[in-house]
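Report on the structure
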Amino acid sequence: MSDPTPVIDDLREESEELDALVAELSPEGWRRATPAPGWTIAHQIAHLNWTDRAALAAVTDEDGFRALVEQALAAPDRYVDDGAEEGAKQDPAALLTAWREGRAALAEALRTAAPGARFPWYGPPMATASMATARLMETWAHGLDIAAALGVTRPPTGRLRHVARIGVRARDFAHAAHGLTPPAEPFRVELTGPGGDLWTYGPEDATQRVTGPALDFCLLATQRAHRADLALTAEGPDADRWLDIAQAFAGPPGAGRPPGAGGPAQGEPR
């Protein structure tokens, strides 16, 4: 993905769709509980604002981002929740404005980044397109939680291709996050997109495979659904184990959700 423009454009569209869900909410609406325990809609938007601004620092201010990493290392079990809690205390109008300004500044920084640039992150360093993809993944996942709180169903779109891609590429990171050695051989992943087209990753002759709906894989990789509730199939022991630990997000493994709970997953991408 040498040209990051398409994914940056899709990130904008994903953010605008979510913005439309919250823009007219009353103060009481912002305090609605979401499927993430202890998190209201305000916490969800505050988290997106916080991570957008962390990404902006990674792209434009490496020293500033290093300070953010040091804060995370000092409180690895609390820094995400603390950031969301602090942001959620803002007046909803101020929080919404901050999120809009932060994501616009990040988009501009990504569009003007030098070709081939790589940026530090809480996981492996990221290229421009990968950073935009990670932000789209989180925006989509947290948007599911907000939509659930509002009783709204958001139909899947072709933008899920970016979420699926980062989920596949994070295979080895997911193993490392669980203290496991990544499999030596690549997997074949075949996912059916929302429009019925087939999205494929990895060598066609791979002996270990994952197949199923792209939406289900994205729900799994963002820990918004339990594997038992999804129509994903694994062939091979390593592929099977991956579906138990898959995560598309940086940081330690999330709690995920129990089987049969319904709705977006409990547990946050960290």
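Predicted, not measured: the structure shown is a model, and the values here were computed from it.

1. A look at the overall build of the chain
- In terms of regular secondary structure, the chain is built from eleven helices and six strands.
- Against the globule reference of 18 Å for 270 residues, the chain gives a C-alpha radius of gyration of 18 Å, in line with a compact fold.
- Principal axes of the C-alpha set define a box for the chain whose edges measure 55 × 40 × 35 Å.
- Put simply, the chain has 270 residues, and 50% of those count as buried.
- Look at the contacts in the chain between residues 6 or more apart in sequence, and 66% of them connect residues 24 or more apart.

2. Considerations on the pairing of strand S5 (residues 209-213)
- In the sheet, strand S3 (residues 188-192) pairs with S5 via five bridges, with the strands oriented parallel. Paired with Arg 188 across the bridge in S5 is Arg 209.
- Across three bridges, S5 lies against strand S6 (residues 233-235) in antiparallel orientation. In the sheet register, Arg 209 faces S6, and the bridge partner there is Glu 235.

3. Observations regarding the packing of helix H7 (residues 128-150) against helix H8 (residues 160-169)
- Interhelical geometry of H7 versus H8 gives an angle of 110° and a closest axis separation of 9 Å. By the angle between their directions, the pair H7 and H8 is classed as roughly perpendicular. Crossing geometry of H7 relative to H8 is assigned as left-handed. Between H7, through Ser 130, Thr 133, Ala 134, Leu 136, Met 137 and Trp 140, and H8, the contact on the second element is made entirely by Leu 160, His 162, Val 163 and Ile 166.
- Here the residues of the contact of H7 with H8 are counted per class, giving seven nonpolar, three polar and no charged.

4. Concerning the sheet that holds S3
- Sheet architecture is open: four strands sit in the order S4-S3-S5-S6, paired in mixed fashion. The sheet is open, and its two borders are formed by strand S4 (198-201) and S6, each paired with just one other strand. Each neighbouring strand pair of the sheet contributes to a mean axis angle of 10°, computed without reference to strand direction.
- Across the sheet, H8 is in contact with S3 and S4; its angle to S4 comes to roughly 25°.
- Its contacts with the sheet place helix H11 (residues 237-245) against S3, S5 and S6, and it is angled at close to 145° to S6.

5. Here's the deal with helix H1 (residues 5-22)
- Helix length check: H1 (18 residues) gives 26 Å between terminal C-alpha atoms against 26 Å at 1.5 Å per residue, within 8%.
- Listing the buried residues of H1 in full gives Val 7, Ile 8, Asp 10, Leu 11, Glu 14, Ser 15, Leu 18, Asp 19 and Val 22.
- Check the buried side of H1 and you find it contacts helix H2 (27-30), helix H3 (41-60), helix H6 (92-111), H7 and H8.

6. A closer look at the pairing of S3
- In terms of burial, S3 is largely enclosed, as four of its five residues are buried.
- Examined bridge by bridge, S3 and S4 share four bridges and lie antiparallel to one another. Considered in S4, the bridge of Thr 192 is made with Leu 198.
- In this structure, the hairpin formed by S3 and S4 is closed by a connection of five residues, where Gly 196 is found at a positive phi of approximately 95°.

Calculation notes
- Residues numbered from 1 in each chain as written.
- Predicted model: local features only at pLDDT ≥ 70, side-chain atom pairs only at ≥ 80, totals over all residues.
- Heavy atoms only, no water.
- Helix = DSSP H or I, 4+ residues; strand = E, 2+ residues; numbered from the N terminus.
- Rg over C-alpha atoms; globule rule 2.2 N^0.38 Å.
- Buried < 20%, exposed > 50% of the residue type's maximum accessible area, 1.4 Å probe, protein only.
- Contact = heavy atoms within 4.5 Å.
- Pairing = 2+ DSSP bridges.
- Axes fitted to C-alpha atoms, helices over the stretch in contact; angles between N-to-C directions.
- Parallel < 35°, antiparallel > 145°, perpendicular 65-115°, else oblique.
- Left-handed = near helix turned anticlockwise from the far one by under 90°.
- Nonpolar A, V, L, I, M, F, W, Y, C, P; charged D, E, K, R; others polar.
- Expected span 1.5 Å × (residues − 1).

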